Amino acid sequence: MKFDEFLKRVQSLTGIDSTGETMRAISATLEVLGQRLVRGEAEDLAAQLPAELQACLLKERGPQRFELDEFFRRIGEKEGIGRDLAEKHARVVLAMMTETVSSGEIKDVLSELPKEFHELFKPVSVGAA
């Protein structure tokens, strides 16, 4: 999936009004995910993302160990929004990521994350966002 399509789909599914806010949601989610992954895995995942998104995933070194609630809290803090909205954004961004990278890479990422994170890496429909 190309960057423009990724951005438009995230914007549509989250209901975010502006491209800038959509990019902030994507960046925040990928940055916090990058904090949770070991550097090599973050690099492997980034290599399969559109070039415009790769730096987001590699911005901060991991792995840091934190649970799902902390994942959403950190995203919300980066975006300047509440936890529930951060969760919605994260679910959409990660679902779009599963459509962008190989299933083998998603399996590698999931092998590093607690099971509570796995539900985030499932396709999302417009009504479920």
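What you see is a predicted model; the values in this text were computed from it and never measured.

*Asks:* Can you break down the packing of helix α3 (residues 39-47) against helix α4 (residues 51-58) residue by residue, with the values?
*Replies:* Two numbers describe how α3 lies on α4: the axes approach to 9 Å, and their chain directions differ by 165°. Classified by the interaxial angle, the pair formed by α3 and α4 is roughly antiparallel. Crossing handedness for the pair α3 and α4: right-handed. Of the residues in α4, those in contact with Arg 39, Ala 42, Glu 43, Leu 45, Ala 46 and Ala 47 of α3 are Gln 54, Leu 57 and Leu 58.

*Asks:* For the packing of aromatic side chains, give the residues involved together with the corresponding values.
*Replies:* Counted according to the given criterion, the structure contains two aromatic pairs. Residues Phe 71 and Phe 117 carry aromatic rings whose centres are separated by 5.3 Å and whose planes lie at 70° to one another, so their mutual orientation is edge-to-face. Taken together, the positions of Phe 71 in helix α5 (residues 68-79) and Phe 117 in helix α8 (residues 115-118) put the pair 46 residues apart, joining distant regions of the chain. When its relative accessible area of 0% is taken as the criterion, Phe 117 is described as buried. The lysine or arginine in question, Arg 36, covers the ring of Phe 66, its NZ or CZ lying 5.7 Å from the ring centre. For the cation-ring pair, Arg 74 lies above Phe 66, with the distance from its terminal atom to the ring centre recorded as 4.0 Å.

What counts and how
- Residues numbered from 1 in each chain as written.
- Predicted model: local features only at pLDDT ≥ 70, side-chain atom pairs only at ≥ 80, totals over all residues.
- Heavy atoms only, no water.
- Axes fitted to C-alpha atoms, helices over the stretch in contact; angles between N-to-C directions.
- Helix = DSSP H or I, 4+ residues; strand = E, 2+ residues; numbered from the N terminus.
- Parallel < 35°, antiparallel > 145°, perpendicular 65-115°, else oblique.
- Left-handed = near helix turned anticlockwise from the far one by under 90°.
- Contact = heavy atoms within 4.5 Å.
- Phe/Tyr/Trp six-rings, centres within 6.5 Å; stacked < 30°, edge-to-face > 60°.
- Buried < 20%, exposed > 50% of the residue type's maximum accessible area, 1.4 Å probe, protein only.
- Lys NZ or Arg CZ within 6 Å of the ring centre and 35° of its normal.

This is a description of form; function is not addressed.
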